[in-house]
Amino acid sequence: MYKLLTILTLSIVILLVYTYYSNFKESFMQKKDSLFLDITKNWKGNFEKKYYNGKSIDNFNDKYNANKLVESLNIKVPEIYFMGKYNTIDRQLLYNTNYVIKPKSGHSSKNVFLVKNSIDQFTNKQVNIETFEKQFGKWNEEIIVEEILTNFDGKTVLDDYKCYIFNGEVKFILHKCFENGIYTRNWYNRNWEPVIPLKIVDKQGNFTEKPPYFKEMIHDVEKIGSAVFANCFVRIDFYITNEGPVFGEITPNPGNGYGYTDYGLKILDQLCIEYGLA
């Protein structure tokens, strides 16, 4: 009961502060002299000469390479059934009842299909081979077909935990939750305490209690961060199933640098200085 009251109180404070900032649009204007933006927008130039096991860490800004990297660290990842040009796939694989099919590159769940019993879980519409031929076949895109997972609470669209990592340490978590056909977003610190949003929030959801396996997720995220991305900034995304945390992807430049508030950039800039990334 005490935890719930604490969360509700913090939620009210966050919403009041967020409303205050919403009334002053200039607070949301993108700063041009942000250290954080300089680092992330030129992430490859800044960090490609850093190596892990003989490979530039820039190689892991690739969904397939990232999956194999994290698997090598003995952290759970979705099983990949196919990776390659769409026109080379055995179409029989796409007649299976449950899988995820997505572009090998891209972001924000764009052109991602969560197929369960021939129904895309994002749109609740039936999909078939013709759907994928139109989406991926025309340009023979590189795609990944992988295992479909279920959220710890049974939802078919997984909650997404986007962890902002500085020198291997989790500092902030952007929690995305799919509800009624749209994603809601809330921000937390590494202790799962609500914080003022660092980006413009188009749809803020309800603050929730700490999810199960949260401690294990933080452990896995920081294991990747400290082993591979020391002295760097990177965002590492995870899911939480009823069997524990599962790796999602690695993102060096979240949102291509767009959407941060002045307040958010001030905090992120301070962290870049604190962790010696300047």
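Sequence order sets the numbering: in each chain, residues are counted from 1 along the sequence as written. In keeping with the predicted nature of the model, local features appear solely for residues at pLDDT of at least 70, side-chain atom pairs appear and are counted solely at 80 or more, and the whole-chain, interface and lining totals rest on all residues. Values shown for side chains rest on all heavy atoms present in the structure; no hydrogens or waters enter the calculation.

Here's the deal with the sheet that holds strand β9 (residues 160-166)
Here a strand pair is declared whenever DSSP counts at least two bridges between the two strands. For helices the rule is a DSSP run of H or I covering at least 4 residues; for strands it is a run of E covering at least 2, with both sets numbered from the N terminus onward. Strands sit in the order β11-β10-β9-β12-β13 across an open sheet of five strands; the sheet is antiparallel. The two strands at the open ends of the sheet, each matched to only one other strand, are β11 (182-189) and β13 (244-251). Across this sheet, the average inter-strand angle for adjacent strands is 25°, counted without regard to direction. Alignment of strand β10 (residues 169-179) against β11, held across eight bridges, turns out to be antiparallel. By the bridge assignment for β11, Glu179 is matched with Ile182. Any two residues having at least one pair of non-hydrogen atoms within 4.5 Å are treated as being in contact. Note on method: axes are straight lines fitted to C-alpha atoms, helices fitted across the in-contact stretch only, with angles between N-to-C directions ranging 0 to 180 degrees. Here helix α6 (residues 214-228) sits on the sheet in contact with β9, β10, β12 (233-241) and β13, set at roughly 145° to β12.

Considerations on the confidence of the model for the chain
Across the chain, the average pLDDT comes to 90, with 88% of residues at or above 70. Note on scores: pLDDT gives the predictor's confidence for each residue, bounded by 0 and 100. Of the regions scoring below 50 in pLDDT, residues 22-29 engages in 12 contacts with residues more than four places distant in sequence or in other chains.

Here's the deal with the pattern of salt bridges
Opposite charge on two side chains allows them to pair when their charged atoms are near. Each salt bridge in this description consists of a side-chain nitrogen of Lys or Arg and a carboxyl oxygen of Asp or Glu lying within 4 Å of one another. Taken as a whole and judged by the stated rule, the model has 10 salt bridges. Of the charged contacts in the structure, one is a salt bridge between Glu133 and Arg91, with a shortest N-O distance of 2.9 Å. With Glu133 in helix α5 (residues 129-137) and Arg91 in the loop between β3 (80-85) and β4 (98-103), the pair connects residues that are 42 residues apart, well separated along the chain. Overall, Arg91 belongs to the partly exposed group, its relative accessible area being 24%. Between Glu222 and Arg190 there is a salt bridge, and its shortest N-O distance comes to 2.8 Å. Note that Glu222 is positioned in helix α6 and Arg190 in the loop between β11 and α6, a separation of 32 residues in sequence. What you see here is one network of salt bridges that share partners, running through Asp160, Lys162, Arg235 and Asp237. Note on exposure labels: buried denotes an accessible area under 20% of the residue type's maximum, exposed denotes more than 50%, and partly exposed covers the range between, all computed with a 1.4 Å probe on protein chains only.

Digging into the packing of aromatic side chains
The pairing test for Phe, Tyr and Trp rings, Trp by its six-membered ring, is centres within 6.5 Å, and the orientation test on the planes gives stacked under 30 degrees, edge-to-face over 60, and tilted for anything in between. Summed over all chains, the structure comprises 22 aromatic pairs. Relative to Phe178, the ring of Phe122 lies with its centre 5.4 Å away and its plane at 75°, an arrangement referred to as edge-to-face. With Phe122 in the loop between β6 (119-120) and β7 (125-126) and Phe178 in strand β10, the pair connects residues that are 56 residues apart, well separated along the chain. Ring centres 5.5 Å apart and planes at 65° place the aromatic pair Trp192 and Phe214 in the edge-to-face group.

Some remarks on the pairing of β13
In summary, the side chains of a regular strand alternate between the two faces of the sheet. In terms of burial, β13 is largely enclosed, as eight of its eight residues are buried. As defined by bridge partners, β12 adjoins β13 across seven bridges and the pair is classed as antiparallel. By the bridge assignment, Tyr239 is partnered in β13 with Val246. Linking β12 back to β13 in an antiparallel pair, the connection comprises two residues.

A closer look at α6
The span one expects for a helix is its residue count, reduced by one, times 1.5 Å. Taking 1.5 Å as the rise per residue, α6 with 15 residues should run 21 Å; its terminal C-alpha atoms sit 21 Å apart, in good agreement. Inspection of α6 places Phe214, Met217, Ile218, Asp220, Val221, Ile224, Gly225 and Val228 among the buried residues, and these make up the whole buried set. Down the axis of α6, the smallest arc covering the buried residues is 165°, so these residues share one side. Opposite its buried face, α6 presents the exposed residues Lys215 and His219, each directed more than 90 degrees away. Looking at the buried residues of α6, the elements they touch are β1 (51-52), α4 (63-72), β9, β10, β12 and β13. The directions from the helix axis to the C-beta atoms form the arc being described.

Quick word on unusual backbone geometry
With the exception of glycine, the majority of residues adopt a negative phi angle, and the majority of peptide bonds are in the trans configuration. Positioned with a positive phi, Asn140 is a non-glycine residue whose angle comes to about 50°. Here Asn140 shows up in the loop between α5 and β8 (142-146). Backbone geometry at Asn180 places phi at a positive 50°, although glycine is not the residue there. Of note, Asn180 is situated in the loop between β10 and β11.

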